[in-house]
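# Geometric and topological summary
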Amino acid sequence: MIFWVWVFGLIYAGLLVFASLKSYKKGRSSEEFMMAGGNIGLSLGVLTFAAALFSTFTFLGMPDFFRINGIGAWIFLAVSDGAMVFVLLWFGYEIRKKVRGMEFRGVSGLISRCYENKLAGYTFFLSAFLFLIPYVGIQIQGIAIFMDAAFPESLPAWGWSLGIVLIMLTYSEIGGLKAIIFSDAIQGVLLLAVIWIIGWACLDHFGGIGQMFEKVGSVKEELLSTPGPKGLLTPQFLLASLIAILMIPVTQPQFTTRIVVMKSMKTMKLMAVSLGAFAILVIIPTVFIGMYGADLYGEYSSQEFFAMAFLNDQHEAVAALAIIGLIAAGLSTTNAMIFAMGSELRGLLTGAENVIMKRTKIGIFIFSTIAFIFSIIVFDQLVLLARVSFAGTGIMGPMILLGILSDRKISPVMIYLSLGGLAIFLMSLGGIIPNMYFGIRLDLLLFIVLGISAVGSYLSSEKRIVTDTKVN
Amino acid sequence: MEKKKLYWKICCYAAVFLCIITYTPLIIPQGVSKPMLGGIPYSLWTSFIITVLLVVITFIGTRVHPGMQNEEDDI
């Protein structure tokens, strides 16, 4: 396998070097560095959005989620993604309309302007920081664990993590957002190819789709229906997950930035449809891998399952491709998230542009260091942590939507309510307060209360008399 | 333009309707895997159809969205 890892690794590294050099331009402006010049076409747009969305979480997490919780995992992710692309179409139009004629400096900067209150931007930045950095950390950790399984005793897990962070920092420093978008495109193609090769091999093990479910049903019948063997996928859990995923284009800055940097409305709307098709194509093989795991490795730990299904049971070349595909998936997603955090920080800073850029780059370095520390100390299930990340940033959804959609002068009440919602959600994660009230999940309750508050805040606000006043 | 607005509204209602029925016993009856379609469990094949329909509605949405045609393309 080592031979194949070198072959595919060198090809991938070569493509990365080529992409970063192609993106590097001496004396480029900060706009070119941070926003890729706002000129991304359809193919790159689809692949970069897909690569940022479908990461280690999809590659490893979803097969494991199907293996443990059964077919309801499709509703958890695929139905939610199908609905999300519709929201992407609607919200993409609204946000592009809003930022037309102004320089887009991240959601934090935009929302500060909408509310004419910097606290709105800081609140959003805080939620992104709290929920994206641990998610980045656990993605890095996922790759490190996988590499450790593939090459035992070559490097400690933290050594792999450190290597990934260093590559990420060097790459984004040389090429900026454009290079990250190119690496996303490479990863998007690689992910689709690898997941189908492995998925097909897993389906082949059963001899067909009908036989696959027949076999899995004989092993554990609860896997064929909701809520699954562990009782996790209840209608309420799935509905709260839907809302959290619907809010991804609104509240996760790496996605919002990608919507804005698309070349035109036309490419943006085609990107939304293509992304929906891409989502279906990527999630289907994860069902096959998950069912394969349920049949053969039902009682194994996640790590053991990954090692068996992705490495040991595959041809050496496929296993090597899986390793490179996983590195690519983790690298591009973590890169996208860390860089987006840098963009958000930039939107909140004031002063001379060169000073802002210097501080932004220092910020990216600090975020990467914190993510690296998280990758060493935090252990959790990939999919469930991703869901917490979506829900945590999703709490900001009503505040952002109100700011962007409203044509009225909005009161700052919604900012305070969002901050309160964030604090309550954090307390429930810390076990300080319960996560169920009146039989309803806390995250669902927060979405409902904040959503109603946003509508109430809009209806009670006055029509604007003067045009927008810039805050920064 | 008025027609486009109407079609766009229909798309929005259809998307919301599909999302709502997904979380009812119509699509996810608890602990039930039958009737199967080609050996695929009930909740999986029905929710697969819903996913495809949502993407199709998004596609129709790109054609009928009332704002997009009149908007200047470049930001």
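Please refer to the structure higher up on the page.
Reference entry: report on the structure contained in this document. In this text, all values refer to a predicted model and were calculated from it rather than measured experimentally.

Turning next to the overall build of chain A. Looking only at helices and strands, chain A features 20 helices and four strands. A compact globule built from 472 residues would reach a C-alpha radius of gyration of about 23 Å, and chain A, at 22 Å, matches this within 12%. Counting only C-alpha atoms, chain A reaches 70 × 60 × 40 Å along its principal axes. Looking at chain A residue by residue over its 472 residues, the buried ones come to 61%. The contacts in chain A between residues at least 6 apart in sequence include a share of 84% that link residues at least 24 apart. Total accessible area on chain A is roughly 17,000 Å²; 68% of this is exposed by carbon and sulfur atoms. Taking the 31 positively charged and 27 negatively charged side chains of chain A as two groups, their mean positions are separated by 15 Å.

What follows is about the pattern of salt bridges. Residue and element names in this part refer to chain A. All told, the structure shown has seven salt bridges over all chains when counted by the stated rule. As a salt-bridge pair, Asp443 and Arg387 come within 2.9 Å of each other at their nearest N and O atoms. Of the two residues, Asp443 is situated in helix H20 (residues 442-460) and Arg387 in helix H17 (residues 382-394); the sequence distance between them amounts to 56 residues. What makes Asp443 buried here is its relative accessible area of 5%. Assessed through its relative accessible area of 6%, Arg387 is described here as buried. The partner of Arg441 in a salt bridge is Asp443, with the nearest N and O atoms 3.2 Å apart.

This next bit is on the side chain of Ser406(A). Residue and element names in this part refer to chain A. With respect to the helices and strands, Ser406 occurs in the loop between helix H18 (397-405) and strand E1 (408-409). Among the residues examined, Ser406 registers a relative accessible area of 5% and is labelled buried. Here the side chain of Ser406 touches Arg408 through a polar contact of 3.0 Å, landing on its backbone nitrogen. Not counting chain neighbours up to four residues away, the residues in contact with Ser406 comprise Lys98, Leu401 and Tyr458.

Look at the link from Thr226(A) to Pro227(A): it is a cis peptide, with omega at 5 degrees. In this structure, Pro227(A) sits in the loop between helix H9 (209-219) and helix H10 (235-246). At the junction of Lys34(B) and Pro35(B), the peptide bond is cis and its omega measures out at 5 degrees in the coordinates. Examined against the element boundaries, Pro35(B) turns out to sit in the loop between helix H1 (2-22) and helix H2 (42-64). Backbone geometry at Glu116(A) places phi at a positive 50 degrees, although glycine is not the residue there. Of note, Glu116(A) is situated in the loop between helix H6 (106-115) and helix H7 (118-150). Given a relative accessible area of 28%, Glu116(A) falls into the partly exposed group. Unusually for a residue other than glycine, Phe438(A) sits at a positive phi of about 50 degrees. With respect to the helices, strands and loops of the structure, Phe438(A) is situated in the loop between strand E2 (436-437) and strand E3 (440-441). Take Phe438(A): its relative accessible area is 79%, and that puts it in the exposed class.

Turning next to the packing of aromatic side chains. Residues and elements named next belong to chain A. Taken as a whole and judged by the stated rule, the model has 20 aromatic pairs over all chains. Seen from their ring centres, Phe54 and Phe278 are 6.1 Å apart, and the 25 degrees between their planes marks the pair as stacked. With Phe54 in the loop between helix H3 (42-53) and helix H4 (56-69) and Phe278 in helix H13 (residues 265-296), this residue pair connects regions lying 224 residues apart in the sequence. Each member of the pair, Phe54 as well as Phe278, carries the same accessibility label: buried. With centroids separated by 6.2 Å and ring planes inclined at 80 degrees, the aromatic side chains of Tyr135 and Phe390 adopt a geometry described as edge-to-face. With Tyr135 in helix H7 and Phe390 in helix H17, this pair connects stretches of sequence that are 255 residues apart. As far as burial versus exposure is concerned, Tyr135 and Phe390 are alike and both buried. Taken together, the aromatic side chains of Phe59, Phe305, Phe306 and Phe310 make up a single cluster linked through ring pairs. The ring centre of Phe237 lies 4.6 Å from the NZ or CZ of Arg387, which sits over that ring. If you follow Arg408 out to its NZ or CZ, it ends over the ring of Tyr458, 4.4 Å from the centre.

A few words on a nonpolar patch on the surface. There is a patch of nonpolar side chains on the surface, built from Phe48(B), Ile49(B), Val52(B), Leu53(B), Val56(B), Phe59(B) and Ile60(B) and spanning about 520 Å² of accessible area. Looking at the secondary structure, you find Phe48(B) in helix H2.

With 42 residues of chain A at the contact, the number on the chain B side is 41 residues. Summed over both partners, the interface of chain A with chain B buries about 3,600 Å², with 74% contributed by carbon and sulfur atoms. At the boundary of chain A with chain B, the tally comes to zero salt bridges. Seen at the junction of chain A and chain B, the total is four residue pairs in polar contact (both at pLDDT 80 or more). Elements with a minimum of two residues in the side of chain A that touches chain B: helix H5 (73-99), H9, H10 and H13 of chain A. Here the residues of the side of chain A that touches chain B are counted per class, giving 28 nonpolar, seven polar and seven charged.

Further remarks concern the side chain of Ser80(A). With respect to the element layout, Ser80(A) can be found in helix H5. Engagement of the side chain of Ser80(A) in a polar contact is seen with the backbone oxygen of Phe76(A), the distance being 2.8 Å. With residues near it in sequence (within four places) discarded, Ser80(A) still touches Ile75(A), Ser241(A), Leu242(A), Ile245(A), Leu246(A) and Tyr23(B).

What counts and what doesn't
- Residues numbered from 1 in each chain as written.
- Chains lettered and ligands numbered in written order.
- Predicted model: local features only at pLDDT ≥ 70, side-chain atom pairs only at ≥ 80, totals over all residues.
- Heavy atoms only, no water.
- Helix = DSSP H or I, 4+ residues; strand = E, 2+ residues; numbered from the N terminus.
- Rg over C-alpha atoms; globule rule 2.2 N^0.38 Å.
- Buried < 20%, exposed > 50% of the residue type's maximum accessible area, 1.4 Å probe, protein only.
- Contact = heavy atoms within 4.5 Å.
- Areas by Shrake-Rupley, 256 points an atom, 1.4 Å probe, with all protein chains shown as cover.
- Lys, Arg positive; Asp, Glu negative; His and termini not counted.
- Charge placed at Lys NZ, Arg CZ, Asp CG, Glu CD.
- Salt bridge = Lys/Arg side-chain N within 4 Å of Asp/Glu carboxyl O.
- Polar contact = N/O pair within 3.5 Å; in protein donor to acceptor, adjacent residues only side chain to side chain.
- Phe/Tyr/Trp six-rings, centres within 6.5 Å; stacked < 30°, edge-to-face > 60°.
- Lys NZ or Arg CZ within 6 Å of the ring centre and 35° of its normal.
- Patch = residues over 30% accessible without salt bridge, like charges linked within 9 Å, V, L, I, M, F, W, Y side chains within 5 Å.
- Buried area = accessible area lost by both parts, 1.4 Å probe.
- Nonpolar A, V, L, I, M, F, W, Y, C, P; charged D, E, K, R; others polar.

Remember that the coordinates give geometry; whether it matters functionally is a separate question.
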